[in-house]
Amino acid sequence: FLYVCVVAQIMEQNQDSQSSGLQSSETSNDEVTPLLMSTTQPLRKENKCSPQRIRNVITFSALWIAYLLLSAAYSIISPFYPQEAKNYGVSTLTVGLIVGVSPLSTVIFSPIFGYFIPQIGLKFMLVAGAFLVGGSFILLGFVAMMPSSLLFVIFSVLLRITEGIGSASYFTSSFTLATVMYPKSVGMVMGVLEA
């Protein structure tokens, strides 16, 4: 959390320095043309502890923590799932395909969700994606209780596809939200979310 707060403070400083750079370039233009000087208002500096900035830092911290937890959830099945599949007699190739179908569905659905963000809404897409991923991970724990290997494979594939769709929804909307909150520090925002 401290890491996110420090990075958010750096992003705020970058935005302030870019705003002051914009202000200084405007004042230099004002000096050249005195007519513009009388009509141009100097940019006001926003308070460091404004409610909007605090809300942005809290929201960005929540996005970062959720991104971290979702990424950790992907890797947590690696040691357990192949052993369970082996108990059902599923081949290694099939296990690889089951594990790989989630990133494939993420790649397919991310541009689709990106297109529909204005119609669906950022908040709904973010929350729905998180619930889809969380629900599919919980249900994936019950796949080990399937009576046959065919049902084991079918439900594993369906849950991994659902997980990929939820990931596409969550990651697309979280990146969009983060860049909307910090439009002048897009590179920094993407780097921190991916870290």
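From a predicted model like this one, the values you see are computed outputs, not experimental measurements.

Definitions and cut-offs
Residues numbered from 1 in each chain as written. Predicted model: local features only at pLDDT ≥ 70, side-chain atom pairs only at ≥ 80, totals over all residues. Heavy atoms only, no water. Helix = DSSP H or I, 4+ residues; strand = E, 2+ residues; numbered from the N terminus. Buried < 20%, exposed > 50% of the residue type's maximum accessible area, 1.4 Å probe, protein only. Contact = heavy atoms within 4.5 Å. Areas by Shrake-Rupley, 256 points an atom, 1.4 Å probe, with all protein chains shown as cover. Phe/Tyr/Trp six-rings, centres within 6.5 Å; stacked < 30°, edge-to-face > 60°. Expected span 1.5 Å × (residues − 1). Arc of directions from axis to C-beta. Core = buried A, V, L, I, M, F, W, Y, C linked by side-chain atoms within 4.5 Å. Salt bridge = Lys/Arg side-chain N within 4 Å of Asp/Glu carboxyl O. Axes fitted to C-alpha atoms, helices over the stretch in contact; angles between N-to-C directions. Left-handed = near helix turned anticlockwise from the far one by under 90°. Nonpolar A, V, L, I, M, F, W, Y, C, P; charged D, E, K, R; others polar. Polar contact = N/O pair within 3.5 Å; in protein donor to acceptor, adjacent residues only side chain to side chain. Patch = residues over 30% accessible without salt bridge, like charges linked within 9 Å, V, L, I, M, F, W, Y side chains within 5 Å.

### Some remarks on the overall build of the protein chain
Within the protein chain one finds 8 helices and 0 strands. Helices (α) and strands (β) of the protein chain occur, in sequence order from the N terminus, as α-α-α-α-α-α-α-α. Buried residues in the protein chain amount to 33% of all 195 residues. The contacts in the protein chain between residues at least 6 apart in sequence include a share of 77% that link residues at least 24 apart. Accessible surface for the protein chain amounts to roughly 11,600 Å². Of this, 72% is attributable to carbon and sulfur atoms.

### A word on the packing of aromatic side chains
By the definition in use, this model includes 8 aromatic pairs. Plain terms: the ring middles of Y88 and F152 are 4.4 Å apart, the flat faces sit at 15° to each other, and that makes the pair stacked. One end of the pair, Y88, is in the loop between helix 4 (81-87) and helix 5 (92-120); the other, F152, is in helix 7 (residues 149-181), with 64 residues separating them in the sequence. Judged on exposure class, the residue Y88 and its partner F152 are both buried. Judged by centre distance (5.1 Å) and plane angle (85°), the ring pair of Y115 and F116 falls under edge-to-face.

### A closer look at helix 6 (residues 122-141)
With 20 residues, helix 6 ought to run about 28 Å at 1.5 Å a step, and its terminal C-alpha atoms sit 29 Å apart, in line with that. Considered for burial, the residues of helix 6 that qualify are M125, L126, G129, V133, S136, F137 and L140. Within helix 6, the buried residues cover an arc of 110° as seen down the axis, which keeps them to one side. The exposed set on the far side of helix 6, more than 90 degrees from its buried face, consists of K123, F124, F131 and I138. Here the buried face of helix 6 lies against helix 3 (51-76), helix 5 and helix 7.

### Let's talk about the nonpolar core
The biggest cluster of nonpolar side chains holds 31 residues, and the ones touching the most others in it are F60, L63, Y81, F152 and L193. Breaking this core down by element, the ones donating at least two residues are helix 3, helix 4, helix 5, helix 6, helix 7 and helix 8 (186-194).

### Structural notes on the pattern of salt bridges
Inspection of every chain in the model, using the stated rule, returns 1 salt bridge. With its nearest N and O atoms 2.9 Å apart, the salt bridge here joins R160 to E163. Here R160 and its partner E163 are both found in helix 7, 3 residues apart, which amounts to about one turn of the helix. The buried category is assigned to R160, whose relative accessible area is 4%.

### Notes on the packing of helix 5 against helix 7
Between helix 5 and helix 7, the shortest axis-to-axis distance is 7 Å and the interhelical angle comes to 35°. Seen from above, helix 5 lies across helix 7 with right-handed handedness. Across the contact of helix 5 with helix 7, the residue classes tally to 12 nonpolar, 13 polar and 2 charged.

### Points about the side chain of S173
Inspection of the secondary structure assignment puts S173 in helix 7. At 2.7 Å, the side chain of S173 forms a polar contact with the backbone oxygen of S169. Those residues within four positions of S173 in sequence are excluded, and the remaining contacts are I117, L122, M125 and L126.

### Observations regarding a nonpolar patch on the surface
The grouping of L104, I108, I112, Y115, F116, I120 and F124 at the surface amounts to a nonpolar patch, some 710 Å² of accessible area in total. Take the nonpolar patch: its biggest share by element is 6 residues, from helix 5. Structurally, the position occupied by I112 is in helix 5. On the basis of relative accessibility, which here comes to 37%, the residue I112 falls in the partly exposed class.

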